[in-house]
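# What the coordinates show
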Amino acid sequence: MRGVNHQIPALSPTPVGGRLLGCRVTTNRCEVTATELDEAGCGVGASDGKTVHVADLLPGERAEVAIDHTSPHRPEAWARIVRRLGAPSTERVAPACPGFGRCGGCVWQHLAYPAQLAKKRERVVQALADLPAVRTGDVTVAEVRPSPQLFGYRNKGKYVAGIVARQLVLGAYAPRSHTVIDTLGCKVVAPIIDEVASWVRGAAETAQLGVYNEATRRGELRYVVVREANGDVMVALVIAPGTPADKLERVASAMSHHPAVRGLVAIENDRKDGSIIPSGATQKVLFGHGHLVEDLGGVSIVVGAAEFLQVNRAQAAAMYARIAELALDGRTQGRAVDLFAGLGGIGLHLARAGLDVVTVEIDRDAVAQLTQAAERAGLRLHALAGDAGDLSHDVREQIGTVDIAVVNPPRKGLTEGARDLLVELRAPTIVYVSCGPESLGRDLAALAAHGYIADTIEPFDLMPGTAQVETIVRLRRAA
Ligand SMILES: C[S@@+](CC[C@H](N)C(=O)[O-])C[C@H]1O[C@@H](n2cnc3c(N)ncnc32)[C@H](O)[C@@H]1O
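Please read these numbers as outputs of a predicted model, since none were measured by experiment.

The next thing to look at is the overall build of the protein. Within the protein, the secondary structure is distributed over 10 helices and 25 strands. Referenced to the eigenvectors of the C-alpha coordinate spread, the extents of the protein come out at roughly 60 × 60 × 35 Å. Counting only residues that meet the buried cut, the protein has 48% of its 479 residues in that class.

Structure follows, in structure tokens:
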């Protein structure tokens, strides 16, 4: 998942001989009543002066817990339930996915959807509480716009290959470990993605494709990425260098019989940094096409296995339309810049509304695809490649003077260089689209110091079942 690496959660400390690296292991027991829910889906309560995170405890629920790990740095601990005490929360629902509780993906699935939305809004409210316009009450955080689909919304599935009970599985690392758990049967990806992933698993097993071992750095299949657009599917096998071609051909032959699969590619990756498809990696087409065609705001654009695209297509479309509405505010001409543009979901909407648009994106493949899509559609959109935080003089000149600046950075927010660029542009209107409420709060505070005042704050839910929330903020420059 953007943002949430839905199926392959980030790795945390690895258990080693009963200890977790960086954590003291204890077996203390205590009673905890959860008052909050954290991003990992743990109920958070207090005991003996410590904040305790308890797996599968919802706010309002109480349990006797065993503390497994205590932070050596903070009064904070992580625990599991030994015995539930009292009634379950009225907001508890049965999670849809078979892997819930083991998979670190949609860790809020056991919370009723209206309560999820309320918690997401709370997260934005807390992160933005210190902004001047929020403090004075001039602007309030709107209700979170719900996703039209709660399940089957993801247009991309990312799987790590592993062995369970001597069988090849495609799944995710269990939280805080390198143990792979099977996530086939996931209800969050589009059903066709789960079906195709299941075919890949069978084909890879029949072809005797060996599973890559991160510790020994031996083996063949590392990850599988399955992407869907308009019912068409493409598959990327991420493999170790030296994987025998005949095995890959056998997988390709099996996958070519699936009626929805339009192409299969192999991408070599021998990196240790956990990236699934390293930037700049080359792909070999094993059969069919190495891409799909996606629709972004009525414009057809070619998408490969690696380019960033919002995973919840329907909700992303609603969000782009709202961003354009807020940015344009009735305007039908002028100049706009879309920083961190990806494949141009936002910039294309603005160009379709009649604006001259310059986009900036670091991924050169995405820039090339956006350039071609805009040309085919006859739009006045100029896609530039570069680091938004460190643009050359030439690129800055090409951006020129703008009426509207839209930024949609990764979760960590703007670098100092990107903030400086925004301030230098002096756009009367900035629309900041963020998947990281906390970095958003930091960046908006910095922009407020340069006279940018928020007049609209609208969160959108693009990832039901998770703590993730996307927020659109419109800022006006004080005269
Ligand atoms: C959150 S995505 C937004 C993409 C696009 N606005 C959309 O809705 O699909 C962030 C994008 O920023 C790009 N990116 C990351 N770091 C960047 C940088 N330093 N300069 C420019 N683009 C960057 C990523 O490749 C990614 O496409």
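Now for the environment of Asp-56. Here Asp-56 lies in the loop between strand S7 (50-55) and strand S8 (62-70). Classification of Asp-56 by C-beta neighbours within 10 Å gives partly exposed; the count is 19. Placed 33 residues apart in sequence, Asp-56 and Ser-89 show a C-alpha to C-alpha distance of 11 Å. Not counting residues within four places of it along the chain, the set of residues in contact with Asp-56 comprises Ile-81 and Gly-101.

Turning next to the pairing of strand S25 (residues 470-477). The side chains of a regular strand alternate between both faces of the sheet. Burial runs high along S25: six of the eight residues are buried. Relative to S25, strand S23 (residues 429-434) is paired through six bridges, and the arrangement is antiparallel. Directly across from Tyr-432, in S25, lies its bridge partner Val-473. Pairing of strand S24 (residues 452-460) with S25, which is carried by eight bridges, proceeds in the antiparallel orientation. The residue of S25 that forms the bridge with Glu-458 is Ile-472.

Every one of the 21 residues lining the ligand counts as a neighbour, but Phe-340, Gly-342, Ile-362, Ala-388 and Asn-408 are closest to it. Among the elements of the structure, helix H6 (345-352) and strand S20 (356-361) are those that each provide at least two residues to the shell around the ligand. Here the shell around the ligand is composed, by residue class, of 12 nonpolar, five polar and four charged.

Bringing the packing of helix H5 (residues 313-328) against H6 into the picture now. Relative orientation of the contacting elements H5 and H6 amounts to 50°, with a least axis distance of 9 Å. In terms of axis orientation, H5 runs oblique to H6. As H5 runs across H6, the sense of the crossing is right-handed. On the side of H5, the interface is formed by Ala-316, Tyr-320, Ala-321, Ile-323, Ala-324 and Ala-327, while H6 contributes Gly-345, Ile-346, His-349 and Leu-350. When grouped by side-chain class, the residues that make up the contact of H5 with H6 number eight nonpolar, two polar and no charged.

This part takes up the sheet that holds strand S14 (residues 232-239). Backbone-to-backbone hydrogen bonds pair the strands of a sheet. The strands run either parallel or antiparallel. Pairing within the open sheet is mixed, and its seven strands lie in the order S12-S11-S10-S13-S14-S15-S16. Each of the sheet's edge strands pairs with one partner strand only, and the pair in question is strand S12 (180-182) and strand S16 (283-288). On average, each strand axis in the sheet is tilted by 35° relative to the strand beside it, whichever way the strands run. Pairing of strand S15 (residues 261-268) with S16, which is carried by five bridges, proceeds in the antiparallel orientation. Each bridged residue has a counterpart across the sheet, and for Gly-263 the counterpart in S16 is Gly-288. Strands in contact with helix H3 (residues 191-206) are strand S10 (156-164), strand S11 (167-173), strand S13 (221-229), S14 and S15; relative to S13, the strand with the most contacts, it is inclined by about 145°.

Averaged over every residue, the pLDDT of the protein is 92; residues scoring 70 or more account for 94%. When the criterion is pLDDT under 50, residues 1-26 qualifies, and its contacts beyond four places in sequence or with other chains add up to 64 contacts.

Here the focus is the sheet that holds S23. The seven strands lie next to each other as S21-S20-S19-S22-S23-S25-S24, forming an open sheet whose pairing is mixed. Either end of the sheet is taken by a strand with one partner, and the two such strands are strand S21 (381-385) and S24. On average, adjacent strands in this sheet sit at an angle of 15° to one another, irrespective of strand direction. With four bridges connecting them, strand S19 (residues 335-339) and strand S22 (residues 404-407) associate as parallel partners. For Asp-338, the partnering residue across the bridge sits in S22 and is Val-406. Relative to S21, helix H7 (residues 364-377) is tilted by about 165°, and along the sheet it contacts S20 and S21.

Of all hydrophobic cores here, the largest spans 145 residues; its most connected members are Val-224, Val-235, Leu-237 and Val-406. Not counting chain neighbours up to four residues away, the residues in contact with Val-224 comprise Tyr-159, Ala-161, Leu-170, Ala-197, Val-200, Val-235 and Leu-237.

What follows covers H6. The buried fraction of H6 amounts to seven of the eight residues, a majority that puts the element mostly inside the structure. Every buried residue of H6 is listed here: Gly-345, Ile-346, Gly-347, Leu-348, His-349, Leu-350 and Ala-351. A positive phi of about 115° marks Gly-354, the residue just after H6.

This part takes up the domain arrangement of the protein. Interface size is often expressed as the accessible area that is lost when the parts come together. The domains assigned to the protein are domain 1 (15-85), domain 2 (115-149 + 312-477) and domain 3 (156-296). Distance from the C-alpha centre of domain 1 to the C-alpha centre of domain 3: 35 Å.

A few words now on helix H9 (residues 416-425). For H9, every residue scored as buried is listed here: Ala-418, Leu-421 and Leu-422. The buried residues of H9 occupy an angular sector of 100° when projected down its axis, which confines them to one face. Along H9, the residues that are exposed and aim more than 90 degrees away from the buried face are Glu-416 and Glu-424. The secondary structure elements touched by the buried residues of H9 are S19, S22, S23 and helix H10 (437-448). One or two steps after H9, the chain reaches Arg-426, where phi turns positive at roughly 50°.

Right, let's talk about the pairing of S8 for a bit. The sheet contact formed by strand S4 (residues 29-33) and S8 spans five bridges and is antiparallel. Looking across to S8, one finds that Thr-33 is bridged to Arg-62. With eight bridges connecting them, S8 and strand S9 (residues 76-85) associate as antiparallel partners. Looking at the pairing, Glu-64 lines up with Arg-83 of S9. If you look at the hairpin formed by S8 and S9, you'll find five residues sitting between the two strands.

Here is what the cut-offs are and how they apply
- Residues numbered from 1 in each chain as written.
- Predicted model: local features only at pLDDT ≥ 70, side-chain atom pairs only at ≥ 80, totals over all residues.
- Helix = DSSP H or I, 4+ residues; strand = E, 2+ residues; numbered from the N terminus.
- Buried ≥ 20, exposed ≤ 12 C-beta atoms within 10 Å, placed from the backbone.
- Contact = placed C-beta atoms within 7 Å.
- Pairing = 2+ DSSP bridges.
- Near = placed C-beta within 6 Å.
- Nonpolar A, V, L, I, M, F, W, Y, C, P; charged D, E, K, R; others polar.
- Axes fitted to C-alpha atoms, helices over the stretch in contact; angles between N-to-C directions.
- Parallel < 35°, antiparallel > 145°, perpendicular 65-115°, else oblique.
- Left-handed = near helix turned anticlockwise from the far one by under 90°.
- pLDDT = per-residue confidence, 0-100.
- Core = buried A, V, L, I, M, F, W, Y, C linked by C-beta atoms within 7 Å.
- Domains from an automatic or database assignment.
- Arc of directions from axis to C-beta.

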